[in-house]
Amino acid sequence: MAHLALLASSASLTSPASLAEEQLLSDAHTTGSFAVVDHRCLGCHALYEEPSIPRPSPHPAATYYVAGVNEQQRAVYDEHCADRFAQRSPFHYSSAADVREKEEFSGSMWRPRRLYQLEPSFIAFDGLVLTPPRPPRDGRIYLFERLPGVNGLGRLLLALEGLGLARVAADGASVTLRPADITLAAFARRHAQRVGTLPAARGIENVHSFTYAKTFGANATAGEAEGAAVEAHACLMPIEQFWTANYWHWTVDALPKALLFAELRQTLAAPPCKLLAYDFAWTRQHLSLLGLPASAIAHHSPRALHFACRVLLASPSALDAPHLRQLAALRRALLPHAAAAALSAAAAAAASTSKPLLLVPLRQSVHGAGRAITNLPHLAAALAAAARRAAEVVLFDHSRHTVAEQVALFSRARLVVGVHGAAFANILWAPEGSDIVEIVPIDVHLDFQCGLTPFWHVAELLRLRKHAFIAYAGRMFEPFELPVVEFVAFLRASAIL
């Protein structure tokens, strides 16, 4: 049996005597049954609730272009996409009927944000909260997702079950697992043992597992006998949810919760609470820009299972469908930092003139599974020629810029061109009326093939002009060559250039 170390935070624990170190270690190492609590959190105590938000109405039909097909094939796509546009809901890959069906299962997806206070609990990655069993009551597992998986369960739970780290009851009402197994290191280690590579069945749960295993899996197979650590805190507020190790999902799903924490931090009752987030350079920078000191933040460790005597759990974002109030609040919080960042050497080097910018985010291979454009220099040259010196073409490499510099650059963008990917999170900072052109590989689900990606929803809310170029030769997990001549013709025909 692996050994678990208990690491106390600097804050003094306000736990009752029953929550001694031995009890925590026993709870973490004991396999038990946990009743599923979905995002409605029935019976939970809400400390805070946002004002009501209007339910979005279906957006106008989008325009798109499919490259590399003949007229007969194009007619098939036109018919298919006309149907998708007619049924479209605010969720990018759900029809109106799909949304109604899911809402019947899990309640309205457009409820205002709530902040719940939970009893002493373990906190695993992606915001998974586990309250240990206390006879005669079963434990509880909080699955806060607003877009349930195909069988009505959270998709993180599907990923855990697929790797044998959890066993779901036939009725989906409970889960059997051992909390000590639900760490990022254990997740990565099990993926390496059972799967190893990106599986042929590329459902969202499988891609999530592959991405997390590669992101957090360094040395995951080493030192297994050492086990996991339990880091004990007086109070934690986790902000992660499914796939927020991804930059896009962090920006629209986790960052609004961090902003809520920053706004309420001074009013939260003692003991002082810490925000719990992944430890990436860009998460640290975002939180610093929100005015949160390092002392107010705890970070996930791949080998750690966190425990808090008081857990503040925010209701989840409606995945990929943030509302305008959240986006406007983020812009108010972060855009003021853009002016100062624009004076920095890195930002000045990327945009040496005062001309409007034509930004081309560079899409790199991610863990060997990428969709990078192989003829990018040809594309950049063609864009520069088509712009006729009216705009400066910038090949945007996010790894060379701080978060504030990225905000600064995109706040000057007249046109953003790039392959579908998380870098489109930065369109949140683009000026109203900017053109956003997303190059979408063809081997995606139905709505993506019509250009109805999550970035379209955000662009519409922010009054950006969103366009989609569907690359018939493009692949989501492989590099591909872009038909540059056809692409530039599309930009001209759409009055973008």
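Residues numbered from 1 in each chain as written. Predicted model: local features only at pLDDT ≥ 70, side-chain atom pairs only at ≥ 80, totals over all residues. Heavy atoms only, no water.

You'll find the protein entered in an unreviewed UniProt entry as Glycosyltransferase 61 catalytic domain-containing protein, with Prymnesium parvum given as the organism.

Trainee: Please explain the overall build of the protein as it appears in this structure.
Mentor: Each helix and strand counted, the protein has 16 helices and 19 strands in total. Evaluated residue by residue, the protein yields a buried proportion of 57% over its 497 residues. Considering only residue pairs separated by 6 or more positions, the protein has 78% of its internal contacts joining residues 24 or more positions apart. Accessible surface, the protein as shown: approximately 20000 Å² in total, 54% of it carbon and sulfur. (Helix = DSSP H or I, 4+ residues; strand = E, 2+ residues; numbered from the N terminus. Buried < 20%, exposed > 50% of the residue type's maximum accessible area, 1.4 Å probe, protein only. Contact = heavy atoms within 4.5 Å. Areas by Shrake-Rupley, 256 points an atom, 1.4 Å probe, with all protein chains shown as cover.)

Trainee: What is the right way to read the packing of helix H12 (residues 376–387) against helix H16 (residues 484–493) from this model?
Mentor: A packed helix pair is summarised by two numbers, namely the angle formed by the two axes and the spacing between the axes. At a closest axis distance of 10 Å, the pairing of H12 and H16 adopts a crossing angle of 30 degrees. In terms of crossing hand, the pair formed by H12 and H16 is right-handed. Contacts between H12 and H16 involve His 378, Leu 379, Ala 382, Leu 383 and Ala 386 on the former and, on the latter, Val 484, Phe 487, Val 488, Leu 491 and Arg 492. Of the residues belonging to the contact of H12 with H16, the class tally is eight nonpolar, one polar and one charged. (Axes fitted to C-alpha atoms, helices over the stretch in contact; angles between N-to-C directions. Left-handed = near helix turned anticlockwise from the far one by under 90°. Nonpolar A, V, L, I, M, F, W, Y, C, P; charged D, E, K, R; others polar.)

Trainee: Mind showing me how you'd approach the pattern of salt bridges here?
Mentor: When charged atoms on two side chains of opposite charge get close, those side chains can pair. Scanning the entire structure with this criterion turns up seven salt bridges. Among the salt bridges present, the one from Asp 27 reaches Arg 134, with a minimum N-O distance of 2.9 Å. Of the two residues, Asp 27 sits in helix H1 (residues 21–29) while Arg 134 sits in the loop between strand E7 (129–131) and strand E8 (139–142), which places them 107 residues apart along the sequence. Given the relative accessible area of 30%, Arg 134 is considered partly exposed. A salt bridge links Arg 465 to Asp 435, with the nearest nitrogen and oxygen atoms 3.0 Å apart. One end of the pair, Arg 465, is in strand E19 (residues 465–471); the other, Asp 435, is in strand E18 (residues 435–441), with 30 residues separating them in the sequence. A relative accessible area of 36% places Arg 465 in the partly exposed class. Residue class for Asp 435 comes out buried when judged on its relative accessible area of 4%. (Salt bridge = Lys/Arg side-chain N within 4 Å of Asp/Glu carboxyl O.)

Trainee: Is there a simple way to explain the nonpolar core in this structure?
Mentor: Generally speaking, nonpolar side chains in soluble globular proteins are found buried as a group. Ile 239, Trp 248, Leu 275, Leu 287, Leu 359, Ile 427 and Leu 428 are the most contacted members of the largest nonpolar core, which has 57 residues in total. In this view, Leu 287 contacts Trp 250, Ala 258, Leu 275, Ala 277, Leu 292 and Ile 297; residues no more than four positions away in its chain are not counted. In this structure, Leu 143, Leu 160, Val 207 and Tyr 212 belong to the second largest nonpolar core, which totals 52 residues. (Core = buried A, V, L, I, M, F, W, Y, C linked by side-chain atoms within 4.5 Å.)

Trainee: What's the story with unusual backbone geometry in this structure? I'm lost.
Mentor: Excluding glycine, residues mostly have negative phi values, and the peptide bonds linking residues are mostly trans. Look at Trp 243: it is not a glycine, yet its phi comes out positive at around 75 degrees. Relative to the assigned elements, Trp 243 resides in the loop between strand E11 (229–238) and helix H7 (247–264).

Trainee: In this structure, what is going on with the environment of Thr 31? I would like to understand it.
Mentor: With respect to the helices and strands, Thr 31 occurs in the loop between H1 and strand E2 (32–37). What makes Thr 31 exposed here is its relative accessible area of 52%. For the pair Thr 31 and Thr 176, spaced 145 residues apart in sequence, the C-alpha separation works out to 6.9 Å.

Trainee: When you look at the environment of Ala 234 in this model, what are you seeing that I'm missing?
Mentor: Looking at the secondary structure, you find Ala 234 in strand E11. Separated by 77 residues in the primary sequence, Ala 234 and Val 311 have C-alpha atoms spaced 8.6 Å apart.

Trainee: Where do I start with the packing of aromatic side chains in this structure?
Mentor: What characterises a pair of aromatic rings is the spacing of the ring centres plus the angle enclosed by the ring planes. Evaluated as defined, the whole model comprises 22 aromatic pairs. Geometrically, the ring pair formed by Tyr 65 and Phe 469 is stacked, given 5.7 Å between the ring centres and 25 degrees between the ring planes. Taken together, the residues span a long stretch of sequence, with Tyr 65 in strand E4 (residues 64–67) and Phe 469 in strand E19 at a distance of 404 residues. With a centroid separation of 4.9 Å and an interplanar angle of 25 degrees, the aromatic rings of Phe 280 and Trp 282 are classed as stacked. One aromatic cluster is present, built from ring pairs that chain together Phe 125, Phe 187, Tyr 212, Phe 216, Tyr 247, Trp 250, Tyr 278, Phe 280 and Trp 282. (Phe/Tyr/Trp six-rings, centres within 6.5 Å; stacked < 30°, edge-to-face > 60°.)

Trainee: For this particular structure, what's the right way to read the state of the cysteines?
Mentor: Disulfide: a covalent bond formed between the sulfur atoms of two cysteine residues. If you walk through the whole model with that rule in mind, you get two disulfides. A sulfur-sulfur distance of 1.9 Å marks the disulfide that ties Cys 41 to Cys 44. On the S-S bond that ties Cys 41 to Cys 44, the torsion sits near -70 degrees, and the link is left-handed. Exposure class is identical for Cys 41 and Cys 44. Each is buried. One disulfide bridge connects Cys 235 with Cys 273, the sulfur atoms lying 2.1 Å from each other. (Disulfide = S-S within 2.5 Å.)

Trainee: I keep staring at the pairing of E18 and nothing clicks. Help me out?
Mentor: Moving residue by residue along a regular strand, the side chains alternate between the two faces of the sheet. Of all seven residues in E18, seven are buried, a share of seventy percent or more. Residues Asp 435, Val 437, Ile 439 and Pro 441 line one face of E18 and the alternating positions Ile 436, Glu 438 and Val 440 line the opposite face, and both faces are buried. Here strand E17 (residues 413–419) pairs with E18 via five bridges, running parallel. Its bridge partner being in E18, Gly 418 is matched across the sheet by Glu 438. The sheet contact formed by E18 and E19 spans seven bridges and is parallel. (Pairing = 2+ DSSP bridges.)

Trainee: In this structure, what is going on with the side chain of Glu 50? I would like to understand it.
Mentor: Secondary-structure assignment places Glu 50 in the loop between strand E3 (45–49) and E4. No salt bridge is formed by the buried Glu 50; the nearest opposite charge belongs to Arg 325, separated by 4.4 Å. Residue contacts for Glu 50: discarding those within four places in its chain leaves Pro 112, Arg 113, His 323 and Arg 325. (Lys, Arg positive; Asp, Glu negative; His and termini not counted.)

Trainee: Teacher, can you tell me more about helix H8 (residues 281–289) here?
Mentor: Residues spaced three or four apart along an α-helix point in a common direction, a consequence of the helix completing one turn every 3.6 residues. Residues of H8 that are buried: Thr 283, His 286, Leu 287 and Leu 289. All buried residues of H8 lie within an arc of 160 degrees about the axis, which places them on one face of the element. Where H8 ends, the next residue or the one after it, Gly 291, has phi of about 85 degrees, a positive value. (Arc of directions from axis to C-beta.)

Trainee: Before we go on, may I ask you to explain the sheet that holds E18 in this structure?
Mentor: Two modes of strand pairing occur in sheets, parallel and antiparallel, and in both the strands are linked by backbone hydrogen bonds. Taken together, the six strands give an open sheet; going across it, the order is E4-E19-E18-E17-E15-E16, and neighbouring strands pair in parallel fashion. Two strands bound the open sheet, and with one partner strand each, they are E4 and strand E16 (392–396). Strand after strand, the sheet turns through a mean of 15 degrees between neighbouring axes, direction not considered. Sheet topology note: the E4/E19 ladder contains four bridges and is parallel. What sits directly across from Ala 67, in E19, is Ala 471.

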